[in-house]
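# A look at the structure
Listed here are the chains, written in short residue letters.
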Amino acid sequence: MTLRQEIVGNAMQMAVVNLRPGQTVYCEAGKFLFKTTNVTMETRLSAPSGNGNGNGSGQGGGGGMGGLLRQAMGTAMQVGQRALAGESLAFQYFTSQGGEGTVGFAGVLPGEMRALELDGTRAWFAEKDAFVAAESTVDFGIAFAGGRTGMSGGEGFILEKFTGHGTVIIAGAGNFIDLDPADFGGRIEVDTGCVVAFEEGIQYGVQRIGGLNRQGLMNAVFGGEGLSLATLEGNGRVILQSLTIESLANALKKAQGGDKQGPTGGLFSTHVG
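Residues numbered from 1 in each chain as written. Predicted model: local features only at pLDDT ≥ 70, side-chain atom pairs only at ≥ 80, totals over all residues. Heavy atoms only, no water.

### Some details on the overall build of the chain
Regarding its fold elements, the chain presents four helices and 18 strands. Each of the 273 residues in the chain was classed as buried or not, and the buried ones make up 43%. In the form shown here, the chain has an accessible surface area of approximately 13600 Å², with 56% of it arising from carbon and sulfur atoms. (Helix = DSSP H or I, 4+ residues; strand = E, 2+ residues; numbered from the N terminus. Buried < 20%, exposed > 50% of the residue type's maximum accessible area, 1.4 Å probe, protein only. Areas by Shrake-Rupley, 256 points an atom, 1.4 Å probe, with all protein chains shown as cover.)

Below, the structure written as structure tokens:
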């Protein structure tokens, strides 16, 4: 059942979710804004199992000590993955009791939000911290892009993965643009910090900018992109953001006078202490 939600606002959007009686939505800790009094709130370490009850066990049947042990081990593995990924360790669950209820959520940066509808045929992948909230029928997981890819690209190593049926709400910085690599010859190259989310079927990788020659070093030192670009190949939906967390952080440092950079940027920063 599709989540009834409305995304409101401009520079800093929020999602207002209208819950049916008994319907559950969950969010990452820190993304909750407000709720009506008939909506209960519960914080758990376990992620939803995608079966609609939000209990996060994901083990199916099997009771007794064996079932409890499997559930505890599953929860511990989920928490361990999220800790390794630098994600929030807990989720907050909201359920409407005795009628319809309303809950509000938001991201942590000024920018857009987007509601993605999952039909069970394709997963969605998102960059760290993009997840805001989802129905309990949507399963949240962590995906690893691979050692060499992630180590060379920084942001590309750890991804959030959403499967199942229902609505998932994501957020990013700045404005969003939707692209399909198939419309651009099957491949696009972007700043690694600009990728917000993409559908399953899109191949995500990281490539070095140029070689270890004069132009390659010029790109890395003076171009502001570092040594790598993200590559997205295939046929499917890709969501990019116009503002990166790194550029926002650098702008705030500069405005506060805490980063006295030379003309070439951070590589030759004159900031002391």
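### Observations regarding the packing of aromatic side chains
All told, the structure shown has 12 aromatic pairs when counted by the stated rule. For the ring pair Phe-32 and Phe-94, a centre distance of 5.0 Å and an interplane angle of 25° mean the geometry is stacked. With Phe-32 in strand S4 (residues 32-35) and Phe-94 in strand S6 (residues 91-96), this residue pair connects regions lying 62 residues apart in the sequence. The cationic tip of Arg-44 hangs over the ring face of Tyr-93; the distance from NZ or CZ to the ring centre is 4.0 Å. (Phe/Tyr/Trp six-rings, centres within 6.5 Å; stacked < 30°, edge-to-face > 60°. Lys NZ or Arg CZ within 6 Å of the ring centre and 35° of its normal.)

### Thoughts on the pairing of strand S10 (residues 131-135)
Across the five residues of S10, five count as buried, placing the element largely inside the fold. Looking at chain direction, strand S3 (residues 24-28) and S10 are connected through three bridges and run antiparallel. Along S10, the bridge assignment pairs Cys-27 with Ala-133. (Pairing = 2+ DSSP bridges.)

### A closer look at the sheet that holds strand S16 (residues 203-208)
Strand pairing in a sheet takes place through backbone hydrogen bonds and is either antiparallel or parallel in direction. Spatially, S14-S17-S16 is the arrangement adopted by the three strands of the open sheet, whose pairing is antiparallel. Two strands lie at the open edges of the sheet, namely strand S14 (187-190) and S16, each paired on one side alone. Taken over all neighbouring pairs, the strand axes of this sheet differ in orientation by 30° on average, direction set aside. By the bridge criterion, six bridges tie S16 to strand S17 (residues 228-233) in an arrangement that is antiparallel. Paired with Gly-205 across the strands is Thr-231, a residue of S17. (Axes fitted to C-alpha atoms, helices over the stretch in contact; angles between N-to-C directions.)

### A closer look at the nonpolar core
Tyr-26, Phe-131, Phe-162, Val-168 and Ile-170 are the most contacted members of the largest nonpolar core, which has 21 residues in total. Elements supplying a minimum of two residues to this core: S6, strand S8 (113-119), strand S9 (124-127), S10, strand S11 (138-144), strand S12 (158-171) and strand S15 (195-199). Per element, the largest residue contribution to this core is four residues, and it comes from S12. Leaving out residues up to four positions away in the same chain, Phe-162 has contacts with Leu-118, Ala-123, Trp-124, Ala-126, Phe-131, Val-138, Asp-139, Phe-140, Val-168 and Ile-170. (Core = buried A, V, L, I, M, F, W, Y, C linked by side-chain atoms within 4.5 Å. Contact = heavy atoms within 4.5 Å.)

### Focus on the sheet that holds strand S1 (residues 4-8)
Taken in spatial order, the four strands make up an open sheet running S1-S2-S7-S4, and their pairing is antiparallel. Unpaired on one side and paired on the other, S1 and S4 mark the two borders of the sheet. Across this sheet, the average inter-strand angle for adjacent strands is 20°, counted without regard to direction. Examined bridge by bridge, S1 and strand S2 (residues 14-19) share five bridges and lie antiparallel to one another. Paired with Glu-6 across the bridge in S2 is Val-16.

### What about the side chain of Glu-112?
Within the secondary structure layout, Glu-112 lies in the loop between strand S7 (101-106) and S8. The exposure class assigned to Glu-112 is buried, which follows from its relative accessible area of 17%. A distance of 3.4 Å separates the side chain of Glu-112 from the side chain of Asn-175, its partner in a polar contact. When neighbours within four sequence positions are excluded, Glu-112 is seen to be in contact with Gln-13, Ile-170, Ala-171, Gly-172, Gly-174, Asn-175 and Phe-176. (Polar contact = N/O pair within 3.5 Å; in protein donor to acceptor, adjacent residues only side chain to side chain.)

### Examining the pattern of salt bridges
As enumerated under the stated definition, the model contains nine salt bridges in all. Glu-100 is the salt-bridge partner of Arg-4, the closest N and O atoms lying 3.1 Å from each other. Highlighted residues: Arg-4 in strand S1 and Glu-100 in the loop between S6 and S7, separated in sequence by 96 residues. Of the residues examined, Arg-4 reaches a relative accessible area of 30% and is grouped as partly exposed. (Salt bridge = Lys/Arg side-chain N within 4 Å of Asp/Glu carboxyl O.)

### Notes on the side chain of Glu-160
With respect to the element layout, Glu-160 can be found in strand S12. Within the buried core, Glu-160 has no salt-bridge partner, and the shortest N-O distance to an opposite charge, that of Lys-31, equals 6.3 Å. A distance of 3.3 Å separates a polar atom in the side chain of Glu-160 from the backbone nitrogen of Asp-129. (Lys, Arg positive; Asp, Glu negative; His and termini not counted.)

### Comments concerning unusual backbone geometry
Of note in the backbone geometry, Asp-129 takes a positive phi value of approximately 75° without being a glycine. Its location among the elements puts Asp-129 in the loop between S9 and S10.

### Section: the environment of Thr-231
By the secondary structure assignment, Thr-231 is in strand S17. Relative accessible area serves as the criterion here: at 6%, Thr-231 is assigned to the buried category. Along the chain, Thr-231 and Val-206 lie 25 residues apart, while their C-alpha atoms are 5.6 Å from each other. Setting aside residues no more than four positions away along its own chain, Thr-231 makes contact with Arg-187, Ile-188, Glu-189, Gln-203, Tyr-204, Gly-205, Val-206 and Gln-207.

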